[in-house]
Every structure is written in structure tokens, then in C-alpha cells.
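This is what each chain is made of:
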Amino acid sequence: MDKILFEVDRSMAFITINRPNQLNCFDLETLHHLEKIVQEVKSNPHIRVVVITGAGEKAFSVGADLKERKQLNEQQVRSNVQKIRDLFTQIEELPQATIAAINGYALGGGLELALACDFRFASRDAIFGLTEVSWAIIPGAGGTQRLARLIGISKAKELILTARKIDASTAFELGLLNKVVEPKELRNSAIELAEEILRNGPLAVVQAKYAINGGNNLDLKTGLAIEANAYEAIILTKDRTEALKAFSEGRQPQFKGE
């Protein structure tokens, strides 16, 4: 059985962690497979939105496969953690918009994967937590950094240092989630957001994401310079000309990503 499922529908890609009996945790084989798919997505200009989810109804992902981790020596543990950290950074840096559709437990590395996505939608019964300190380690795949940037340093410390698990309503109140829905509505809700994004200029979406990510946590002057460079990249595009022409003709633009 493939540990990662991958499908493309129109301009949307769906990546599913497919280890439901193991609560979709990451062993090394799963990470290698996921990395291969991420690289395939990155190089495919026809894919414009990516939805990441977990198989089954119990878990998005509970992070590292602790049974495998127990068998690793110290150097292998370092290598494994670096692999996860680098992979999630690759996901964060994808030019496409990414949506985590969180369908159950999102713990440890599972939550860190969701934090690397642009948007997070969750089913009402989802549970979240960076619980690593309860295992005498710390979040090592970006959790200490991305969570603090998303919900603020004090709240991030509270969740990480207590290893607390929270429900979807609390996660939404903290600003960790974009939306909470009933479990049966999760996939369609993610698709609805994807379709909203797909109606817009493909190159503009890429450059807007680049400008937001690139300027995040930098001083305003540097951020504005990044924004200016991103704007410069789309001035000569055919899509920009098409948008102006469509406006003058009172019709919807037909973008081609050119």
C-alpha cells in the first residue's frame, strides 16, 4: 500500500498521508515518498493549489513514527529530524497555495506539517498539540518557530512547554486555524477555498505568496522592497493585460498563467 497518495484534479493536487492504522505517522519511507511528490508538485506549473490531508477519520498525522525512532541511534535521529525539518520547509516554500485539511489528531510533526501550509481547515473533532516535551524532546520540524509567528510567542510557549492538547474551537480562537467545519464538510470546504484562489491570476497568486512569505518578520522597508520585486515580475505578463482588457469589455478574464 502506498504510504502517500497523490492525485491531481484540474489545477488542484491532493496529497494524502496513507498510514491510517498508524495514525498517519511519518516513518523514513513515508518522508522520502512525500519529498518526491513535493518536488513533483513544485515543478508542475499546471498545479496551482495543494490540499494535504490524512487517510481515515482519526488523524491528520501524529508526527514521527516512534516505533521506528526507538530503533535509531543518535546520529540517525539527527538525520531523521533534519529530513523532516527540511521537507516541511520545502512545503512552506512551494509556489502553490497549500491547504492543510486536518481530519483528526494533528500532534507533534503532524501539527508542524500543518503549520508549514498556507491555510489550515479542520474538522470539529480535530485535536492539536506540540507534545514533544512530554517525550523529553522539543518540536524539531519548525514548531517552535512557526507556531510563535502564527499565534504569538506567549501562547506558543504555553502550548509547547505544557505539552497541552487543544480542540479545534480553541485552536481557531488562538488563530491557529482558518476555519472549523463538520468532518463530512472538510474536503469540500478546502476545495471551495482552492476554487476561490483558482479564479485569480496564477502568476499573481505565486508572487503575492512570495511577497508575504519573504517579507514576514522583516522590517517594513525590506518587506516593501520584496513586494516591489514581486510586482515587477508580473507587470509584463499577458494575464495582467488580459485582466485590464476584460474589465473594459465587461467580462471575466481568461487567465493562462502567462
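Details of the structure are given in the entry above.
To keep things clear, this report deals only with the structure shown in the data block. Fair warning: this is a prediction, and the values are worked out from it, not measured in the lab.

## Observations regarding the side chain of S61
- With respect to the helices, strands and loops of the structure, S61 is situated in strand 4 (residues 59-61).
- We classify S61 as buried; its relative accessible area is 0%.
- Ignoring anything within four residues of it in the chain, the contact list for S61 reads I17, L23, N24, C25, F26, Y105, A106, L107 and G110.

## Quick look at the state of the cysteines
- Enumeration over the complete set of coordinates arrives at 0 disulfides.
- Take C25: it sits in no disulfide, and the sulfur closest to it among the cysteines is that of C117, at 18 Å.
- Judged by its relative accessible area of 5%, C117 falls in the buried class.

## Considerations on the nonpolar core
- Counting residues in hydrophobic clusters, the biggest one holds 44 residues, and the most contacted among them are F88, I91, I102, F128, L147 and L177.
- Per-element tally for this core: the top contributor is helix 1 (residues 28-42), with 5 residues.
- Among the nonpolar cores identified, the runner-up in size contains 16 residues, and M12, V51, I197 and L198 belong to it.

## Looking at the sheet that holds strand 6 (residues 105-107)
- Strands sit in the order 4-6-8-9 across an open sheet of 4 strands; the sheet is mixed. Every interior strand has two partners, whereas the edge strands, strand 4 and strand 9 (166-167), have only one.
- Bridging between strand 6 and strand 8 (residues 127-129) involves 3 bridges; their strand directions are parallel. Residue L107 lies in a different strand from strand 8, and its bridge partner there is G129.

## Observations concerning the pairing of strand 1 (residues 4-9)
- Both strand 1 and strand 2 (residues 12-17) contribute to a ladder of 6 bridges, which runs antiparallel. Bridge pairing in strand 2 places L5 opposite T16.

## Remarks on the sheet that holds strand 2
- Spatial strand order, 1-2-3-5-7-10: 6 strands in an open sheet with mixed pairing. This sheet does not close on itself; its edge strands, each paired only once, are strand 1 and strand 10 (179-181). Between one strand and the next, the sheet's axes are offset by a mean angle of 20°, whatever the strand orientation.
- Pairing of strand 5 (residues 97-102) with strand 7 (residues 119-123), which is carried by 4 bridges, proceeds in the parallel orientation. Residue A101 lies in a different strand from strand 7, and its bridge partner there is F121.
- Of the strands in this sheet, strand 1, strand 2, strand 3 (49-54), strand 5, strand 7 and strand 10 are in contact with helix 8 (residues 186-198), which crosses strand 7 at around 155°.

## Comments concerning helix 6 (residues 153-162)
- If you check which residues of helix 6 are buried, you get A156, L159 and I160. Axial view of helix 6: buried residues confined to an arc of 90°, hence all on one face. Turned more than 90 degrees away from the buried face of helix 6 sit S154 and L161, all of them exposed.
- In this fold, the buried residues of helix 6 make contact with helix 5 (143-151), strand 9 and helix 7 (168-174).
- Once helix 6 ends, the next one or two residues include A163, with phi positive near 60°.

## Details of the packing of aromatic side chains
- For the structure on display, the rule yields 1 aromatic pair.
- Centroid distance F26 to F88: 5.9 Å. Interplanar angle 65°. Geometry classified as edge-to-face. Taken together, the residues span a long stretch of sequence, with F26 in the loop between strand 2 and helix 1 and F88 in helix 3 (residues 74-92) at a distance of 62 residues.
- For F88, a relative accessible area of 0% gives the class buried.

Quick notes on the rules
Residues numbered from 1 in each chain as written. Predicted model: local features only at pLDDT ≥ 70, side-chain atom pairs only at ≥ 80, totals over all residues. Heavy atoms only, no water. Helix = DSSP H or I, 4+ residues; strand = E, 2+ residues; numbered from the N terminus. Buried < 20%, exposed > 50% of the residue type's maximum accessible area, 1.4 Å probe, protein only. Contact = heavy atoms within 4.5 Å. Disulfide = S-S within 2.5 Å. Core = buried A, V, L, I, M, F, W, Y, C linked by side-chain atoms within 4.5 Å. Pairing = 2+ DSSP bridges. Axes fitted to C-alpha atoms, helices over the stretch in contact; angles between N-to-C directions. Arc of directions from axis to C-beta. Phe/Tyr/Trp six-rings, centres within 6.5 Å; stacked < 30°, edge-to-face > 60°.

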